[in-house]
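# A structural walkthrough
So you can see what is in the structure, the chains are spelled out below.
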Amino acid sequence: EGADAGWFSSIPQAVVDIGSIDRIQSGQNTLLFEKARQREKKQTMSSRNNGNPFLNEKRSFSLIFRGAKSLDLMVDEGVDREHILYILNSIVTEYGRAKVKVGNEVLLLRYIWNDVDRDDSNTINEKEMGELLNRINFQTQEKNHSGVYQKFAKTLGLSREQRKAGLTFDQCVTLLHKTKRDTWQVKPVTQLFFDMFGQFMGNNKVRKKVSAESFLNRFLRTVQGEESRTMEDVMQIFSGLHELELADVANYITQPNYISIEQFEAYLLSQGNDIFNPEREKICKSDMTKPLSEYWINSSHNTYLTGHQLTGLSSVEMYSKALYRGCRCIELDIWDGGKDEFNGNPIPIVYHGHTMVSKILFEDIIKALQVFLMLHPKSYPLILSLENHCSVPYQQVMALQLKSILGKQLYVPEESSLTEPLPSPLQLRGKVVLKGRRPVGAIDEYDTDSDAADDDMTDIQSVWTEKSTVSGKTPKIVKIAPELAKLTLFHGLKFKTWADSNDALMNHMHSFSESRVTSLCKRNQTHKWIQYNQTHMSRTFPSGARIDSSNYSPILAWSTGCQMAALNIQTPDEALLVNDGRFRENGGVGYVLKPSILMMKEETEPRSTHLEVKILSGSCLPKPGGVSIGDCIDPYVKISLFDCHEGKEVESSQTTNIVFKNGFSPIWKFEDSFHFDVKNSSVAVMQWTIWDKNSLPRDDEFIASASVPISCMRQGIRSVKLFDQNMTRSGAFDFASLLVLVKFEQSQVEI
């Protein structure tokens with residue numbers, strides 16, 4: 001029906017792997033649905049047909065997979081959409097529970113099986129073997145894949161007829177295991193296993209298993225630094241490893257108080273051994289009761305843009321993407337649009353003013369937020385940063401739409417509460433909070449990024465000297481509709497001096513461009529800014545010169561206690577991936593309690609440490625973009641530390657050697673050590689990025705990445721879960737990880 005109406009392409013057999021699905025969302029909040037609605041609206045207006053629209057929001061939903069792609073669907077008339085969503089969500093949830101009981105190689109093979117089993121025989125024949133090895137990014141020493149196939153089939157004792165029929169799934173799993181095990185290189189895991197537990201057992205046989213006692217005392221408590229671990233913890237770990245589905249050729253141990261070397265390696269790559277401290281990754285609800293000023297808040301700049309700042313598209317979908325990525329402060333640039341053709345009402349629109357970017361409706365964005373809160377009613381507050389360029393009539397419509405669409409989900413502050421400390425995330429749970437202008441008729445007080453950026457030059461002297469200076473501008477009277485003003489909590493205030501700022505009400509806040517952040521820190525203003533941010537709010541944003549939507553590093557802003565370091569989330573560069581790593585903390589809810597050093601009244605020297613990192617190996621690395629075709633990758637690892645010291649950003653990077661034609665089980669020179677001096681461990685973030693080497697360095701392709709705050713990092717032999725550019729681990733990225741060895745000069749204890 002949809003195809004006949006011209007809205008969607010006809011797809012005879014659309015297949016989305018369950019493991020690729022990131023989420024299932026109801027409604028019409030994707031770019032394809034947006035375009036379809038626009039097309040339907042144009043056709044309706046041209047025909048003056050006010051009949052029932054084909055696109056019914058209550059019948060629509062989307063499967064979001066591999067981070068950004070979507071399959072947009074609409075159920076037939078009379079079909080219960082909610083029942084279908086319940087079934088789909090149940091399947092995805094059950095898959096998530098089941099996959100933790102399966103080894104990575106088994107999961108990887110299941111993920112690619114239907115693609116490489118071209119003849120649907122449920123076996124892999126000699127011809128298909130080449131595609132299988134290419135899909136897992138492994139090129140053998142054999143001259144052709146036929147040799148690999150025949151050699152392995154003979155080791156299994158298969159007859160000519162059986163070899164012709166093909167290898168079963170279990171036999172292919174065994175092949176992958178042997179491919180990984182029988183490398184000419186010394187495996188780091190094997191070497192470390194022997195170093196910790198001894199190469200030979202008491203009977204002089206080569207060690208193939210380890211006892212629970214040795215695992216606890218020689219590994220967990222010593223190498224991993226997990227001194228509080230108990231034998232009960234170990235037996236729970238062992239129980240899970242004994243239930244894990246591994247290759248048949250693996251050395252299975254039936255004794256409950258022993259595990260094999262293969263099971264030990266499986267533990268090293270498991271989520272329980274992740275480098276990101278699981279206690280820091282969990283949400284701490286007791287920490288959500290402080291005033292908003294005591295948190296870092298995941299924030300987005302020009303959220304509506306899909307790309308370029310001057311010529312790109314605007315999309316409501318970007319707000320859903322931002323929210324699901326963890327952003328809790330999102331931005332809207334609102335301007336006067338036209339008038340409704342039928343009733344003459346003003347239509348507020350959102351776009352990047354005075355540019356060629358497309359326009360979207362303010363109302364559609366608010367509806368998308370309402371859908372998100374309906375699906376996630378316990379979300380911590382969504383802060384809307386309103387860059388309000390509208391005349392009063394359009395502001396009145398904005399206020400009406402906010403109230404009518406959001407209802408009780410809209411936080412309306414009481415006037416009496418504005419003299420008190422800011423509310424906490426817990427108090428505002430499930431609410432939408434507005435940042436804009438509150439006092440009616442405010443003179444020369446602004447809240448727009450453009451005004452703040454314009455003042456960078458004219459007001460820079462007053463920033464450095466903390467003395468008011470006359471810029472030559474005529475003070476402007478900002479017209480604000482009372483209906484909108486009374487809905488607003490945060491009022492944007494022009495910066496003059498820190499003394500004036502601290503005297504202002506706590507709901508008054510500042511916005512600074514990235515260049516202002518740098519200048520303030522260079523002029524020894526950091527501690528004054530830290531003190532201000534203990535009770536008030538600050539937001540920083542990218543320079544207007546970044547028309548390509550690139551990002552600045554948020555590290556320096558975070559070091560001043562700035563809560564909202566707004567970034568262009570449409571650009572997955574290093575800075576955005578650093579931001580992703582920071583907000584993995586506290587359950588990914590978008591609010592992270594600032595470290596205590598940023599809440600001290602006295603100026604305190606940040607805690608420093610020295611870090612030694614070894615890259616041991618990789619596992620199940622996909623091709624760039626998770627695609628299924630292309631050459632086997634040539635991966636190398638770039639390790640970067642994003643830090644700050646004495647008011648300046650400090651970034652250092654080092655790279656491993658290149659491993660050619662092996663993304664399945666690459667082993668880098670694990671004897672190489674990479675050393676980093678961390679100056680501010682409460683703010684610094686380490687990033688691991690996997691690149692595919694090409695003939696020219698500028699053509700190297702991003703594969704996957706992981707960013708971990710130093711304060712959340714665990715020592716020892718650790719797994720680093722890798723994410724795609726959309727900060728998701730699904731599809732081909734679900735199994736991708738690094739194995740690293742990390743040593744701290746001293747333990748990371750927050751001060």
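A brief structural summary.

Definitions and cut-offs
Residues numbered from 1 in each chain as written. Predicted model: local features only at pLDDT ≥ 70, side-chain atom pairs only at ≥ 80, totals over all residues. Heavy atoms only, no water. Axes fitted to C-alpha atoms, helices over the stretch in contact; angles between N-to-C directions. Helix = DSSP H or I, 4+ residues; strand = E, 2+ residues; numbered from the N terminus. Parallel < 35°, antiparallel > 145°, perpendicular 65-115°, else oblique. Left-handed = near helix turned anticlockwise from the far one by under 90°. Contact = heavy atoms within 4.5 Å. Nonpolar A, V, L, I, M, F, W, Y, C, P; charged D, E, K, R; others polar. Salt bridge = Lys/Arg side-chain N within 4 Å of Asp/Glu carboxyl O. Buried < 20%, exposed > 50% of the residue type's maximum accessible area, 1.4 Å probe, protein only. Phe/Tyr/Trp six-rings, centres within 6.5 Å; stacked < 30°, edge-to-face > 60°. Lys NZ or Arg CZ within 6 Å of the ring centre and 35° of its normal. Pairing = 2+ DSSP bridges. Right-handed = clockwise from strand over helix to strand, strands pointing away. Polar contact = N/O pair within 3.5 Å; in protein donor to acceptor, adjacent residues only side chain to side chain. Patch = residues over 30% accessible without salt bridge, like charges linked within 9 Å, V, L, I, M, F, W, Y side chains within 5 Å. Areas by Shrake-Rupley, 256 points an atom, 1.4 Å probe, with all protein chains shown as cover. Expected span 1.5 Å × (residues − 1). Core = buried A, V, L, I, M, F, W, Y, C linked by side-chain atoms within 4.5 Å.

## Side note on the packing of helix H15 (residues 362-375) against helix H16 (residues 392-406)
Running from amino to carboxyl end, H15 crosses H16 at an angle of 25°, the nearest separation of the two axes being 10 Å. For the element pair H15 / H16, the angle class is roughly parallel. Our pair here, H15 against H16, has a crossing hand that is right-handed. Facing H15, whose interface residues are Phe-362, Glu-363, Ile-366, Lys-367 and Gln-370, H16 presents Met-398, Gln-401, Leu-402, Ile-405 and Leu-406. The residue makeup of the contact of H15 with H16, split by class, is 6 nonpolar, 2 polar and 2 charged.

## Things to note about the pattern of salt bridges
With the rule as written, the count across this model stands at 25 salt bridges. With its nearest N and O atoms 2.9 Å apart, the salt bridge here joins Lys-99 to Asp-734. Here Lys-99 is found in helix H3 (residues 81-99), whereas its partner Asp-734 is found in the loop between strand E23 (716-721) and strand E24 (737-744), with 635 residues between them in sequence. For the salt bridge of Arg-584 with Asp-274, the shortest nitrogen-to-oxygen distance reads 3.3 Å. Here the residue Arg-584 occupies a position in the loop between helix H24 (574-582) and strand E16 (591-593), and Asp-274 occupies one in the loop between helix H12 (261-268) and helix H13 (278-281), the gap between them amounting to 310 residues. Owing to a relative accessible area of 7%, Arg-584 belongs among the buried residues under this scheme. Judged by relative accessible area, Asp-274 falls into the buried class, the value being 2%. Via salt bridges that share partners, Glu-105, Lys-180, Lys-187 and Glu-265 belong to a single interconnected network.

## Quick notes on helix H21 (residues 514-522)
Inspection of H21 places Glu-514, Arg-516, Val-517, Ser-519, Leu-520 and Cys-521 among the buried residues, and these make up the whole buried set. Of the residues trailing H21, Asn-524 is marked for its positive phi of about 60°.

## Remarks on the packing of aromatic side chains
Centre distance and the angle of the planes are the two values used to describe a pair of aromatic rings. Scanning the entire structure with this criterion turns up 26 aromatic pairs. Where Phe-138 meets Phe-664, the ring centres are 6.5 Å apart and the plane angle is 80°; that geometry is what we call edge-to-face. With Phe-138 in the loop between helix H5 (126-135) and helix H6 (145-155) and Phe-664 in the loop between strand E19 (648-655) and strand E20 (674-678), the pair connects residues that are 526 residues apart, well separated along the chain. Using a relative accessible area of 1% as the deciding quantity, one classes Phe-664 as buried. Judged by centre distance (5.5 Å) and plane angle (45°), the ring pair of Trp-498 and Tyr-532 falls under tilted. Here the residue Trp-498 occupies a position in helix H20 (residues 498-503), and Tyr-532 occupies one in helix H22 (residues 526-532), the gap between them amounting to 34 residues. Taken individually, Trp-498 and Tyr-532 each receive the classification buried, so the pair is uniform in this respect. An aromatic cluster is defined as three or more aromatic residues linked by ring pairs; in this entry it consists of Phe-193, Phe-194, Phe-197, Phe-215, Phe-219, Phe-238, Phe-264 and Tyr-267. Here the guanidinium or amino end of Arg-23 rests over the ring plane of Tyr-324, the centre of that ring lying 4.0 Å away. Sitting over the face of the ring of Tyr-351, Lys-359 holds its NZ or CZ atom 4.4 Å from the ring centroid.

## A few points about the pairing of strand E10 (residues 382-388)
Consecutive residues of a regular strand have side chains that alternate between opposite faces of the sheet. In terms of residue burial, E10 counts as a mostly covered element, since 7 of its 7 residues are buried. Pairing of strand E7 (residues 329-339) with E10 involves 6 bridges; the strand directions are parallel. Of the residues in E10, the one forming a bridge with Glu-331 is Ser-385. For the crossover that starts at E10, traverses H16 and ends in the parallel strand E11 (residues 432-436), the hand is right-handed.

## A closer look at the pairing of E19
Looking at chain direction, strand E18 (residues 635-645) and E19 are connected through 8 bridges and run antiparallel. The residue bridging Phe-642 from the neighbouring strand is Glu-651, located in E19. Between E18 and E19, which pair antiparallel one after the other, the connecting turn spans 2 residues, and Glu-646 there sits at a positive phi close to 55°.

## Looking at the sheet that holds E23
Pairing is antiparallel across the open sheet formed by 4 strands, whose spatial order is E20-E17-E24-E23. On the outer flanks of this sheet lie E20 and E23, each paired with one strand and no other. Strand-to-strand twist in this sheet, taken as the mean axis angle between neighbours without regard to direction, amounts to 35°.

## Digging into unusual backbone geometry
The phi dihedral of Asn-204 is positive, around 70°, even though this residue is not glycine. Tracing the chain through its elements places Asn-204 in the loop between helix H9 (188-197) and strand E4 (209-211). You will see that Asn-586, though not glycine, has its phi angle at about 60°, which is positive. Relative to the helices and strands, Asn-586 is located in the loop between H24 and E16.

## Describing the side chain of Arg-438
Topologically, Arg-438 is positioned in the loop between E11 and helix H17 (449-458). Accessibility expressed as a relative area gives 10% for Arg-438, which makes it buried. A distance of 3.2 Å separates the side chain of Arg-438 from the backbone oxygen of Ala-485, its partner in a polar contact. In terms of polar contacts, Arg-438 uses its side chain to reach the backbone carbonyl oxygen of Thr-488, at 2.7 Å. Non-local contacts of Arg-438, meaning those with residues more than four positions away in its chain, are made with Pro-413, Glu-415, Leu-418, Ala-485, Lys-486, Leu-487, Thr-488, His-491 and Asn-507.

## Here we look at the environment of Glu-227
Within the fold, Glu-227 resides in the loop between helix H10 (212-223) and helix H11 (231-243). Along the primary structure Glu-227 and Leu-216 are separated by 11 residues, whereas in three dimensions their C-alpha atoms are 9.2 Å apart.

## Side note on a nonpolar patch on the surface
On the surface, a nonpolar cluster with roughly 310 Å² of combined accessible area is contributed by Tyr-86, Ile-87 and Ile-91. Within the secondary structure layout, Ile-91 lies in helix H3. Judged by relative accessible area, which is 39%, Ile-91 ranks as partly exposed.

## Concerning the sheet that holds E18
Overall, antiparallel pairing links the 4 strands, which are arranged E19-E18-E21-E22 in an open sheet. Edge positions in the sheet fall to E19 and strand E22 (701-709), since each of these pairs with one other strand and no more. The sheet shows a mean angle of 20° between the axes of neighbouring strands, direction not considered. The pairing of E18 with strand E21 (residues 685-692) spans 8 bridges and is classified as antiparallel. Looking at E21, one finds that Leu-641 is bridged to Met-686. Strand contacts of H24: E18, E19, E21 and E22, with the helix running at about 40° to E22, the strand carrying the most contacts.

## Observations regarding the environment of Leu-323
Relative to the elements of secondary structure, Leu-323 occurs in helix H14 (residues 317-324). Sequence-wise, Leu-323 and Ser-299 are 24 residues apart; in three dimensions their C-alpha atoms are separated by 9.7 Å. Sequence-distant contacts of Leu-323, defined by excluding residues within four places in its chain, comprise Arg-328, Ile-330, Leu-369, Phe-372 and Leu-382.

## Brief notes about H15
For H15, which comprises 14 residues, the first-to-last C-alpha distance of 21 Å matches the rise-based estimate of 20 Å (1.5 Å per residue) to within 8%. When H15 is considered as a whole, its buried residues turn out to be Phe-362, Ile-365, Ile-366, Ala-368, Leu-369, Val-371, Phe-372 and Leu-373.

## What about the nonpolar core?
Ranked by internal contacts, the top residues of the largest apolar core, which has 70 residues, are Leu-332, Val-350, Phe-362, Leu-384, Leu-402, Leu-434 and Trp-558. Residues within four places of Leu-384 in sequence aside, it is in contact with Ile-330, Leu-332, Ile-366, Leu-369, Leu-402, Val-432, Val-433, Leu-434 and Lys-435. Membership of the second largest hydrophobic core comes to 35 residues, among which are Leu-611, Ile-615, Val-720 and Val-742.

## Brief notes about the environment of Gln-263
Relative to the helices and strands, Gln-263 is located in helix H12. Placed 22 residues apart in sequence, Gln-263 and Leu-241 show a C-alpha to C-alpha distance of 6.1 Å. In this view, Gln-263 contacts Leu-241, His-242, Leu-246 and Ile-253; residues no more than four positions away in its chain are not counted. For Gln-263, the side chain forms a polar contact with the main-chain nitrogen of Ser-260, separated by 2.8 Å.

By themselves, these are just geometric observations and shouldn't be taken as functional.
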